[in-house]
Each structure stands twice: as C-alpha cells, then as structure tokens.
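# Breakdown of the fold
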Amino acid sequence: MTYSSRGIVLSIENFGEADRYIQFFTKDWGMISVLAKSARKSKRRYVGGLDLFCHNEIFLRGDPKDRPYLNELSVLNSFPKLREELDKVLLAGKIVQWITRLANTPTPMPSIYSLLGQSLALIEKEQNLEKLELLNTIFKLRLLCLLGLKPRVDVCAKCEGKDDIEGVFDLNSGGILCRLCAPKANFAENLVLNPSQRNLVNIADQLKLSHWDEISFPQELLFSVNRLMTQFASFHTQVQLPL
Ligand SMILES: [Zn+2]
C-alpha cells in the first residue's frame, strides 16, 4: 500500500550507513517518523525536500504510523528566505521544538499542522525582525489553545468571579486571580499581567494570521507574556520548552 499526505520536516536523524529517519508533522496522521533509504548518499532522490522545515507532499510505503518507507516526495515550499536570517532560523527551530515536545503523537491534528505551516510562512515573509517575538508569542498561545491548555484570563481562574480581577497569574490555577483568591494562592514568583497583556492572551486564538500585517503589540510588554506562557506550558505538561 502507498499513502500520501502533506508534511513538514521536524527533525532528521542518521540511521545506519546511508539512511535517515525523518520526523514529519503531517496533515493526515499528525507526527510520524519515516525511513528515507539512501538519504545520505543520494540527495537527488528526495529533491532537496529533506531539510529541516521543508513542506512536502510525501508518498509512503507501509503503515504511516509504523515507521513506513519514504518512496518519494515533491517539495511544496522549502522556505528559502527563512534560511537567510539567523533570527528566523532560530524562531522556526523553537516552534518546531514546541510541536515535537507537545504534539508528538501519530494522531490527525490538522489545525496544528496548519498553525505550523502558517507560522513558518509568516516567519519567512516578515521583514521586521522585531516582530518575530510577537509571532513567537502568538504561536505559543494558539498552540496551547489547540492542545486544550488555554490560560484563563477573562475571569478569576479559581472562583470564576469577574470582579476585582488583579493581574496576578497563578500557574497552579491556570490563570489570573481576583483580589479575594489571590492571597490564598501560593506563588513561587510574582507573575503579573497588565490588562493589555491579558487581552493578548485572551484573543490570540481568534486573531486572523492571514491579516498578520495588521496585528501589533508593544514590544516591551511582550517578553513577560512570552516567558509566562512558557512557564505555564512547562508547568502543566512537565516538559522543558524553549523561550
Ligand atoms: Zn477568585
């Protein structure tokens, strides 16, 4: 049986004398590992599609979930401009790590596949390197939402009250707390989000990435959101994640 799907290269590992295992995030099967025979000897066979981040149409022999062989592929987009800037390569690498660490299962997750493809395309296109930090933060927020881990920042995460909301974020409760609940929580660190930071966390999953040029956020307020979301994700998944 042969199977085909679209997939993005997440990692490459040498195997034996000449082969490589390639991890793909696919549209139809989620994250899978595929054996590319002779990939180290013959680059031509796989037409340059086995580099990190390449978006391909792949054709497999064998069960996609059980380490199939890669028969052939055609490159849809290799994101050449992304590779010209170190900052872009670094961000693409982080995004790939978040996905490999949090969504490493052969289960169809087409919205995560779309988020990954869209994020790589935006990284490639972005001319203002400062805006990459916003893309990084929004990517994380959206991925967390897709994984069912959206932080609660519209009401108190403990009592769901709407009044006297303070910006104090409690990792344990998974969101911000009101003035009544805050003193009862145990904070390892004081994590505070101001109203515009809370708003970003709340609406990130509804922002239309197709209108990326219209999305903006003050750079100086971004870093703490990014750091907090990374802490939040690590806390709830017990997985180390890059900032
Ligand atoms: Zn409360």
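## Comments concerning the pattern of salt bridges
Between side chains of opposite charge, a pair can form when the charged atoms approach closely. For the coordinates displayed, the defined rule picks out 5 salt bridges. D19 is the partner of K37 in a salt bridge, and the nearest nitrogen-oxygen pair spans 3.3 Å. With K37 in the loop between β3 (30–36) and β4 (55–61) and D19 in strand β2 (residues 19–26), this pair connects stretches of sequence that are 18 residues apart. Measuring nitrogen to oxygen at the nearest pair gives 3.1 Å for the salt bridge that ties K150 to D205. Within this pair, whereas K150 is found in the loop between α3 (132–146) and β6 (165–170), its partner D205 is found in the loop between α4 (195–203) and α5 (219–237), the two being separated by 55 residues in sequence. Classification of K150 as partly exposed rests on a relative accessible area of 32%. Look at the salt bridges and you will find they share partners, linking R152, D154 and E160 into a network.

## Considering the domain arrangement of the protein
Each domain of the protein was delimited in the assignment, giving domain 1 (2–78), domain 2 (81–150 + 202–237) and domain 3 (154–192). For domain 1 versus domain 3, the separation of C-alpha centres amounts to 45 Å.

## Some details on unusual backbone geometry
Unusually for a residue other than glycine, R67 sits at a positive phi of about 45°. Inspection of the secondary structure assignment puts R67 in the loop between β4 and β5 (69–77).

## Description of the packing of helix α1 (residues 86–102) against α3
Between α1 and α3, the shortest axis-to-axis distance is 11 Å and the interhelical angle comes to 10°. Looking at the two axes, α1 sits roughly parallel to α3. Between α1 and α3, the contacting residues are D87, K88, L91, K94, I95, W98, I99 and L102 on the first element and L132, L135, N136, F139, K140, L143 and L144 on the second. Its residues assigned to classes, the contact of α1 with α3 shows 10 nonpolar, 1 polar and 4 charged.

The rules we used
- Residues numbered from 1 in each chain as written.
- Predicted model: local features only at pLDDT ≥ 70, side-chain atom pairs only at ≥ 80, totals over all residues.
- Heavy atoms only, no water.
- Salt bridge = Lys/Arg side-chain N within 4 Å of Asp/Glu carboxyl O.
- Helix = DSSP H or I, 4+ residues; strand = E, 2+ residues; numbered from the N terminus.
- Buried < 20%, exposed > 50% of the residue type's maximum accessible area, 1.4 Å probe, protein only.
- Domains from an automatic or database assignment.
- Axes fitted to C-alpha atoms, helices over the stretch in contact; angles between N-to-C directions.
- Parallel < 35°, antiparallel > 145°, perpendicular 65-115°, else oblique.
- Contact = heavy atoms within 4.5 Å.
- Nonpolar A, V, L, I, M, F, W, Y, C, P; charged D, E, K, R; others polar.

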